[in-house]
Amino acid sequence: MNIIMKVILAIYNFFVGEIVILIGVTATMLILALINMVDGLEALRDGMGAILIVGVLATLVLSEARGIATSERSASIR
């Protein structure tokens, strides 16, 4: 069991590197899948590309802001 978790963690660190990015992109993809499958959300299908771009950009900005805040906090400790 321990070796399986190490392999999953190594793959995760290689592709993503940060949990905020993983969660943000996964949430964006789930929202797009929901829009695609639910007939009541058909009006949003034309804007799926924009939703993808905004969702991923918001995730990256949040991740970068978190990294800056962490580095500022660690710099003030020194």
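Residues numbered from 1 in each chain as written. Predicted model: local features only at pLDDT ≥ 70, side-chain atom pairs only at ≥ 80, totals over all residues. Heavy atoms only, no water.

### Topic: the overall build of the protein chain
A count of helices and strands for the protein chain gives three helices and zero strands. Reading the secondary structure of the protein chain in the N-to-C direction produces α-α-α. Burial statistics for the protein chain: of 78 residues in total, 12% are counted as buried. A separation of at least 24 residues holds for 40% of the contacts in the protein chain among residues at least 6 apart in sequence. When the accessible area of the protein chain is evaluated, it comes to approximately 6,200 Å², of which 72% is carbon and sulfur surface. (Helix = DSSP H or I, 4+ residues; strand = E, 2+ residues; numbered from the N terminus. Buried < 20%, exposed > 50% of the residue type's maximum accessible area, 1.4 Å probe, protein only. Contact = heavy atoms within 4.5 Å. Areas by Shrake-Rupley, 256 points an atom, 1.4 Å probe, with all protein chains shown as cover.)

### With respect to a nonpolar patch on the surface
There is a patch of nonpolar side chains on the surface, built from I3, I4, M5, V7, I8, I11, F14 and F15 and spanning about 890 Å² of accessible area. Of note, I11 is situated in helix α1 (residues 2-15). Judged by relative accessible area, which is 46%, I11 ranks as partly exposed. (Patch = residues over 30% accessible without salt bridge, like charges linked within 9 Å, V, L, I, M, F, W, Y side chains within 5 Å. Salt bridge = Lys/Arg side-chain N within 4 Å of Asp/Glu carboxyl O.)

### A word on the side chain of S63
Its place among the elements puts S63 in helix α3 (residues 48-77). Residue class for S63 comes out buried when judged on its relative accessible area of 8%. If we ignore the near neighbours within four places in the chain, the residues touching S63 are E18, V20 and I21.

### Here's the deal with helix α2 (residues 19-37)
The terminal C-alpha atoms of α2 lie 27 Å apart, and with 19 residues this matches the ideal 27 Å at 1.5 Å per residue to within 8%. Residues of α2 that are buried include every one of V20, G24, T28, L32 and I35, and no others. End-on, the buried residues of α2 take up no more than an arc of 95 degrees, which puts them together on one face. Every exposed residue of α2 that faces more than 90 degrees away from the buried side is listed here: I23, L30 and M37. (Expected span 1.5 Å × (residues − 1). Arc of directions from axis to C-beta.)

### A few points about the confidence of the model for the protein chain
Per-chain confidence: the protein chain averages 85 in pLDDT, with 88% of residues scoring 70 or above. The secondary-structure element of the protein chain with the lowest mean pLDDT is α1, recorded at 80, while α2 shows the highest, at 91. (pLDDT = per-residue confidence, 0-100.)

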